[in-house]
Amino acid sequence: MTKTKATAPAGKTAAPKASPITGGRIAPKVKGNLTVPTLVFKGDAPKVGSKITAKMQNGSKYTGTVSDVTEADGEIIAEFSGGLTPS
């Protein structure tokens, strides 16, 4: 039996996967004239370009591709290209 591996469409590279995040919170961030969602959590910072899954304290889950990461006051603040999607 062979294993199949998901691949990226032609001309694109697959996003690296990061460890699931548990217990984070979503916070709005104003960027220019837009308000974008960020994920604020404690733990290891994901790499830019990685696709992450986050489980909130209320049990809801979100996925997104990391576009920027900032560390402040012992917390990680991750921004996402295309926002966060409920999963």
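Below or above, wherever it landed, is the structure these notes cover. (Residues numbered from 1 in each chain as written. Predicted model: local features only at pLDDT ≥ 70, side-chain atom pairs only at ≥ 80, totals over all residues. Heavy atoms only, no water.)

On to the sheet that holds strand S3 (residues 51–56), then. The five strands are arranged S1-S2-S5-S4-S3 in a closed barrel whose pairing can be described as mixed. Averaged over all pairs of adjacent strands, the angle between strand axes in this sheet comes to 55°, irrespective of strand direction. Of the pairings in the sheet, the one linking strand S2 (residues 34–41) to strand S5 (residues 75–86) comprises four bridges and is antiparallel in character. By the bridge assignment, Thr38 is partnered in S5 with Glu79. (Pairing = 2+ DSSP bridges. Helix = DSSP H or I, 4+ residues; strand = E, 2+ residues; numbered from the N terminus. Axes fitted to C-alpha atoms, helices over the stretch in contact; angles between N-to-C directions.)

Let us look at the side chain of Thr63. Its place among the elements puts Thr63 in strand S4 (residues 61–72). Setting aside anything within four residues of it in sequence, one finds Thr63 in contact with Ile52, Thr53, Gly83, Leu84, Thr85 and Ser87. (Contact = heavy atoms within 4.5 Å.)

For the rest of this paragraph, the subject is the nonpolar core. The biggest cluster of nonpolar side chains holds 11 residues, and these are Ile21, Leu39, Phe41, Ile52, Ala54, Met56, Val66, Ile76, Ala78, Phe80 and Leu84. Among the secondary structure elements, those contributing two or more residues to this core are S2, S3 and S5. Here this core gets four residues from one element, more than from any other, and that element is S5. If near-sequence neighbours (up to four positions away) are discounted, Ile21 is found in contact with Leu39, Phe41, Ile52, Thr53, Ala54 and Lys55. (Core = buried A, V, L, I, M, F, W, Y, C linked by side-chain atoms within 4.5 Å. Buried < 20%, exposed > 50% of the residue type's maximum accessible area, 1.4 Å probe, protein only.)

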